[in-house]
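Residues per chain are reported as follows:
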Amino acid sequence: MRTQVAIIGAGPAGLVLSQLLDGQGIESVVLECRSQEAIRATIRAGVLEQGTVDLLTDMGLGKRMHNEGLRHEGTVLRVGGVDRRIDFVGLTGGRAVMVYAQHEVLKDLLDARLATGGDLRFNVSDVTLSGITSDMASRPVVRFRDASGAAVSLRADFVVGCDGTQGVSRSAVDPQALQTVERHYPFGWLGILCKAPPSSDELIYALGADGFALVSTRSCEVQRMYLQCDPGDTPDDWSDDRIWATLRARLATHDGWQPNEGPIFDKTVVGMRSRVIEPMRHGRLFLAGDAAHVVPPTGAKGLNLAISDARLLARALTRFYRDGNEDLLDTYGPTALRRIWRAQRFSTWMTTLLHRFPDADAYARKLQDADLDYLTRSRAACTTLAENYVGLPVAPPWD
Ligand code: RFL
Ligand code: PHB
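The following refers to the structure shown. (Residues numbered from 1 in each chain as written. Chains lettered and ligands numbered in written order. Predicted model: local features only at pLDDT ≥ 70, side-chain atom pairs only at ≥ 80, totals over all residues. Heavy atoms only, no water.)

## Details of the overall build of the chain
Broken down by element type, the chain carries 11 helices and 19 strands. Against the compact-globule benchmark of 21 Å for 399 residues, the chain has a radius of gyration of 21 Å, which places it among compact chains. Across its three principal axes, the chain shows a C-alpha extent of roughly 65 × 40 × 40 Å. Taken across its 399 residues, the chain has 54% of its residues classed as buried. Within the chain, counting contacts between residues at least 6 apart in sequence, those at least 24 apart form 72% of the total. When the accessible surface of the chain is totalled, it reaches about 16900 Å², and 50% of it is carbon and sulfur. (Helix = DSSP H or I, 4+ residues; strand = E, 2+ residues; numbered from the N terminus. Rg over C-alpha atoms; globule rule 2.2 N^0.38 Å. Buried < 20%, exposed > 50% of the residue type's maximum accessible area, 1.4 Å probe, protein only. Contact = heavy atoms within 4.5 Å. Areas by Shrake-Rupley, 256 points an atom, 1.4 Å probe, with all protein chains shown as cover.)

## A short note on the packing of helix α9 (residues 327-354) against helix α11 (residues 379-390)
Direction vectors running N to C along α9 and α11 enclose 125°, while the axes themselves pass 11 Å from each other. Judged by the inter-axis angle, α9 sits oblique to α11. Considering how the two elements wind past one another, α9 and α11 form a crossing that is left-handed. Residue-level inspection shows Arg342, Arg345, Phe346, Trp349 and Met350 of α9 in contact with α11, the latter providing Thr384, Leu385, Asn388 and Tyr389. (Axes fitted to C-alpha atoms, helices over the stretch in contact; angles between N-to-C directions. Parallel < 35°, antiparallel > 145°, perpendicular 65-115°, else oblique. Left-handed = near helix turned anticlockwise from the far one by under 90°.)

## Notes on the sheet that holds strand β3 (residues 47-48)
Spatial ordering of the open sheet is given by β3-β7-β4, a layout of 3 strands whose pairing is antiparallel. The strands lining the two open edges of the sheet, one partner per strand, are β3 and β4 (70-72). (Pairing = 2+ DSSP bridges.)

## Examining the packing of aromatic side chains
What the rule picks out here adds up to 13 aromatic pairs. Centre to centre, the rings of Phe187 and Phe357 are 5.0 Å apart; their planes meet at 80°, and the pair counts as edge-to-face. Here the residue Phe187 occupies a position in strand β12 (residues 179-195), and Phe357 occupies one in the loop between α9 and α10 (362-377), the gap between them amounting to 170 residues. A relative accessible area of 2% places Phe187 in the buried class. Assessed through its relative accessible area of 22%, Phe357 is described here as partly exposed. (Phe/Tyr/Trp six-rings, centres within 6.5 Å; stacked < 30°, edge-to-face > 60°.)

## Description of the site of ligand 2
Within the structure, ligand 2 sits among 15 residues, and Tyr205, Ser216, Arg218, Tyr226 and Pro297 are positioned closest to it. Here an oxygen atom of ligand 2 sits 2.8 Å away from a polar atom, N or O, in the side chain of Arg218. Going through the elements one at a time, β14 (211-217) and β15 (222-229) are the ones with two or more residues in the shell around ligand 2. Classifying every residue of the shell around ligand 2 gives 9 nonpolar, 3 polar and 3 charged. (Near = heavy atom within 4 Å. Polar contact = N/O pair within 3.5 Å; in protein donor to acceptor, adjacent residues only side chain to side chain. Nonpolar A, V, L, I, M, F, W, Y, C, P; charged D, E, K, R; others polar.)

## Examining helix α3 (residues 50-58)
Gln50, Thr52, Val53, Leu55 and Leu56 are the residues of α3 that are buried. Note on α3: the residue one or two positions beyond its end, Gly60, has a positive phi of about 80°.

## Points about the sheet that holds strand β5 (residues 74-79)
Taken together, 8 strands build an open sheet; the order of strands is β6-β5-β13-β14-β15-β12-β16-β19 and the sheet is mixed. Of all the strands in the sheet, just β6 (82-87) and β19 (293-294) have a single pairing partner and so form its edges. Looking at chain direction, β14 and β15 are connected through 5 bridges and run antiparallel. In the sheet register, Val215 faces β15, and the bridge partner there is Met225. Across the sheet, α11 touches β5, β6 and β13 (204-208), and the angle it forms with β6 is around 60°.

## Some remarks on helix α7 (residues 240-251)
The end-to-end C-alpha distance of α7 is 16 Å, a good match for the 16 Å that 12 residues give at a rise of 1.5 Å each. Within α7 the residues assigned to the buried category are Ile243, Trp244, Thr246, Leu247, Arg250 and Leu251. In an axial view of α7, the angular spread of the buried residues amounts to 165°, which keeps them on one side of the axis. α7 presents Asp241 and Ala249 as exposed residues on the side facing more than 90 degrees away from its buried surface. Looking at the packing, one finds that the buried side of α7 touches β5, β12, β13, β14, β15 and β16 (264-278). (Expected span 1.5 Å × (residues − 1). Arc of directions from axis to C-beta.)

## Comments concerning the side chain of Arg275
As for its position among the elements, Arg275 is in strand β16. Apart from residues no more than four positions distant in its own chain, Arg275 is found in contact with Thr165, Arg170, Thr180, Val181, Glu182, Ala292, His293, Val294 and Gln344.

## What to know about the packing of α3 against helix α8 (residues 302-323)
The axes of two packed helices give the description: the angle between them and the distance between them. Closest axis-to-axis distance for the α3/α8 pair is 10 Å, and the angle between their directions is 50°. Relative to α8, the element α3 lies oblique. In this structure, the crossing between α3 and α8 has a hand that is left-handed. Judged by residue contacts, Gly51, Thr52 and Leu55 of α3 engage Asn304, Ile307 and Arg311 from α8. Classifying every residue of the contact of α3 with α8 by side-chain character gives 2 nonpolar, 3 polar and 1 charged.

The analysis is restricted to geometry; functional conclusions fall outside its scope.
So, in structure tokens, the structure goes:
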């Protein structure tokens, strides 16, 4: 079997890439180890940057997103019970974000790929890559077992590893050729979904005396909330009563605001780390999305970065297939990494600003207070937050 582009992973990076390539007449095969049902049901991100919304709309995938998603024109920072609203639209010249769950984006992408006969293989196993060298000389082969267990060999011009943090693509590269820089945080997030009406028209990022809490939403009936927890906690450590008591305490305002409570039907603990693996190209293998970089969820950037990688790579592959020009393939990594590092910087800053670090010394705590104080008083600081949150440009021109 052969194709032009073999894509490992049917997450946001893999599916956006496959759909964009299809729009340019470039063939791809997507190999995914999970079932389609599992992909459609996995709860993850919720916030789409303005540029992501625009891209999905231009791709013809905006119908449900614009009907069911919630446009948020600002967000609230609640520190010590006092609110400061960050006005995205006013501070960025009209840009905003969309709260629309990642699995809804994936459903729209899957439906679009399947409607146009996209070659998506679910439930594959034992994916291995060979023929990956640091130049364009050798042609890659991807071997895997299909859903029935049969061994398949797929020859491709290019392989794109969109297989997330646990993927196999990176392991095809000589470890000496990869540089990993990372940071682990001394806390995690417990995420819940509950059946209740929205507590707020906008997301609330709160720092209480003993930690962070986030009020997000999914719909008029389902709410998403997170709270800072110990990194080793499991959902079993958090009874519903403990969750609500913690959320009430961290979100309390001086005028008695309380979140709307309701039955909790999903609890997950999310690890918090920052990581970048460079370079993002090894001859005919490219890495995209979480396979190459991870951010803590505080800045809501991971999904958006994965989609912007896919967009850059689709442009580069299109140029290559159209006129044989490799320039954009060469600059894919450096261009993507500039945006990735801007997002790393922002996500780390938001995380440091809004969490209680168990090992922080008195100096670090005072600095955090001063940073928060500045943010609540300076329009320039609020503009920095707003323009990063709604999303920086994907490619040059940067400013
Ligand atoms: P994904 O989504 O992990 O998809 C990778 C796919 O590859 C498959 N796979 C394999 N397939 C074949 N063979 C193998 N050997 C394979 N190994 C893996 C997997 O099954 C999977 O289907 O990576 P991608 O496409 O790079 O997308 C990244 C995003 O999913 C991720 O960055 C975001 O979810 C992060 N994130 C958020 N990002 C935002 O932009 N805004 C948010 O509001 C936001 N909130 C979040 C988040 C992540 C969270 N969690 C659970 C980590 C909130 C949470 C709680
Ligand atoms: C979410 O709704 O899942 C969400 C919102 C904002 C974040 C992270 C996750 O920063």
